[in-house]
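# Geometric and topological summary
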Amino acid sequence: MKIQNDKQTKTKQEETKEKEILTELRNFHKKDVSFSSGKILSSMCTKPLKIAEEARKIFKETNLGDKRISEGAIEIEKVCIRWVGDLLNLNQPYGFITSGGTESNILTIMEARARKREAMKESGEKEMVPEEIIVPETSHFSFDKISFLMDIKVKKASVDKNFCVDLNSVKNLINKNTIAVVGVAGTTEYGSIDDIEGLAQICMVNKIYLHVDAAFGGFVIPFIRKLNYNVRNFDFGIKGVDSIALDPHKMGMNIIPSGMLLFRKEPKFSVNASYLQGKHERLLGTFSGGSAAGCYACLKFLGEDGYIKIVKECMENTKYLAEGLKNLGIEILNPTMNILNFNIRKEIYNKLVETGWIISKTSKGYARIVIMPHTKRTHIKKFLNDIKQLMKNTEKY
Ligand code: 0PR
């Protein structure tokens, strides 16, 4: 291959081959459902900001896992962590940009383990097997993966009628093997927010690491609180919260993949990577600085006011859908954030799926809709109208 000034000179054949490959790829992509179709009513991701896509391109060759060659990208990451630390009431945050909620949750449990093991070593206590974590039964399935991956026992605490964790259940599950408790701020299925203050009290008394999974709620709750929605706080302003995960690739408007994990104290977990200038503290060895750049672009472009505007529209659309469903005589659960659950006959649910609506069902059988920024009033009106028609035709089923 001839290289000229960093630009590849192509033969005619190569040019044709490139065109063919791109056509093939575009054909594959036709099978994907686009956010702009309005059909996606149950995804926690959305169409990212244009500037985030541009930002990613600039940093496409960088690697957050290699400090020697990606100083600029790592600096961006630090700035983002500091900004989000401000949002979450923490002055001097530590943390990483990750690939999303799953990676953040894995890394945080690794950190809890590292801290516990170090503390036990210092006090001369014997290692406990198996280590245990306590998560609400409404927590994301990434914790089941953690159980498998890290050989950790995951104990599930029960939840109340509002799908928030029952503090007594958590207390009853704690024992000497517990290395972490997890609270969720914006559960995947219901958008419910656990009592993080209550969990923090329990964890401080028992000297247990507390992680808050705000993968979805992290870029919603701070803003709806500013809009005077009466929802619980979950941030570092609560003493006893050790780490928070929140995902820019969900309501943060960033490109996929991007997650964030913030720690109150400097993390202890690391492995030796002498040939890479010392220690490696992340889960992934190679991870694009493009995700950090996209994050920087979103945070700076939108600022607090921009996020408030986006979240306000999502909440108003959620309310609009809720009212529309109620008017059709459908039972809904009062939404905490932009996730709506309702009861609908199986036949109608199935027909909606058949006709192309991307919706889902919770483990308890409720239909679940996530109203993301790509969902507009016109899409909701169409969805409501389809339900109305299906209800009219109900005798057919
Ligand atoms: N924690 C919570 C509370 C979550 O809701 C999720 C994902 C995670 C952790 C894991 O995050 P990553 O998927 O970034 O690793 N919640 C969504 C869900 O399971 C993820 C998702 C997003 C699924 C878009 C589908 C989709 O189209 O529903």
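Residues numbered from 1 in each chain as written. Predicted model: local features only at pLDDT ≥ 70, side-chain atom pairs only at ≥ 80, totals over all residues. Heavy atoms only, no water.

### Quick notes on the domain arrangement of the chain
What the domain assignment reports for the chain is domain 1 (50-301) and domain 2 (304-393). Computed over C-alpha atoms only, the centres of domain 1 and domain 2 are separated by 29 Å. With 27 residues of domain 1 at the interface, the matching set in domain 2 holds 24 residues. Both sides of the domain 1 and domain 2 interface together cover about 2100 Å² of buried area, and 71% of this is carbon and sulfur. If you look at where domain 1 meets domain 2, you find 2 salt bridges. Note that Glu304 and Lys226 form a salt bridge whose closest N and O atoms lie 3.0 Å from each other. Going through the elements one at a time, α8 (221-226) and α9 (289-327) are the ones with two or more residues in the side of domain 1 that touches domain 2. Here the side of domain 1 that touches domain 2 takes 4 residues from α8, the largest share from any one element. Tallied by class, the residues present in the side of domain 1 that touches domain 2 amount to 16 nonpolar, 7 polar and 4 charged. (Domains from an automatic or database assignment. Contact = heavy atoms within 4.5 Å. Buried area = accessible area lost by both parts, 1.4 Å probe. Salt bridge = Lys/Arg side-chain N within 4 Å of Asp/Glu carboxyl O. Helix = DSSP H or I, 4+ residues; strand = E, 2+ residues; numbered from the N terminus. Nonpolar A, V, L, I, M, F, W, Y, C, P; charged D, E, K, R; others polar.)

### Quick notes on helix α7 (residues 196-206)
Residues Ile196, Gly198, Leu199, Ala200, Ile202 and Cys203 constitute the buried set of α7. Packing partners of the buried residues in α7 comprise α6 (167-173), β6 (178-184) and β7 (209-213). Lys207 occupies a position one or two residues after α7 and carries a positive phi of about 50°. (Buried < 20%, exposed > 50% of the residue type's maximum accessible area, 1.4 Å probe, protein only.)

### Some remarks on the nonpolar core
With 68 residues, the main nonpolar core has Phe216, Phe234, Met251 and Met260 as its most contacted residues. Among the secondary structure elements, those contributing two or more residues to this core are α2 (50-58), α3 (71-87), α7, β7, α8, β8 (243-246), β9 (259-263) and α9. The dominant element in this core, judged by the number of residues it contributes, is α9, at 13 residues. Counting contributing residues per domain, this core is built from domain 1 (50-301) and domain 2 (304-393), each supplying no fewer than three. Here Phe216 is in contact with Met44, Gly186, Lys250, Met251, Met337, Asn338, Ile339, Val370 and Met372, once residues within four sequence places are set aside. In this structure, Met120, Tyr209, Ala245 and Phe263 belong to the second largest nonpolar core, which totals 24 residues. (Core = buried A, V, L, I, M, F, W, Y, C linked by side-chain atoms within 4.5 Å.)

### Overview of the site of the ligand
Around the ligand lies a shell of 17 residues, among which Ser43, Thr102, Thr188, Asp213 and His249 are the nearest. In the model, an oxygen atom of the ligand is placed 2.5 Å from a nitrogen or oxygen of the Thr102 side chain. Asp247 places a side-chain nitrogen or oxygen 3.3 Å from an oxygen atom of the ligand. With 3 residues, the single largest contributor to the shell around the ligand is helix α4 (residues 101-123). Of the residues belonging to the shell around the ligand, the class tally is 4 nonpolar, 9 polar and 4 charged. (Near = heavy atom within 4 Å. Polar contact = N/O pair within 3.5 Å; in protein donor to acceptor, adjacent residues only side chain to side chain.)

### Re the sheet that holds strand β15 (residues 367-370)
Ordered by their spatial adjacency, 4 strands build an open sheet running β12-β13-β15-β14, and the pairing between neighbours is antiparallel. Two strands in the sheet have a free side with no partner beyond their single neighbour: β12 (332-333) and β14 (360-361). Examined bridge by bridge, β14 and β15 share 2 bridges and lie antiparallel to one another. In the sheet register, Lys361 faces β15, and the bridge partner there is Ala367. (Pairing = 2+ DSSP bridges.)

### Some remarks on the sheet that holds β6
The mixed open sheet is built from 7 strands, whose spatial order is β3-β9-β8-β7-β6-β4-β5. Looking at the sheet topology across the chains shown, the edges are occupied by β3 (94-98) and β5 (153-157). Put simply, the sheet's adjacent strands are angled 20° from each other on average, direction ignored. Judged from the 4 bridges that link them, β8 and β9 form a sheet pairing that is antiparallel. Each bridged residue has a counterpart across the sheet, and for Ser243 the counterpart in β9 is Phe263. (Axes fitted to C-alpha atoms, helices over the stretch in contact; angles between N-to-C directions.)

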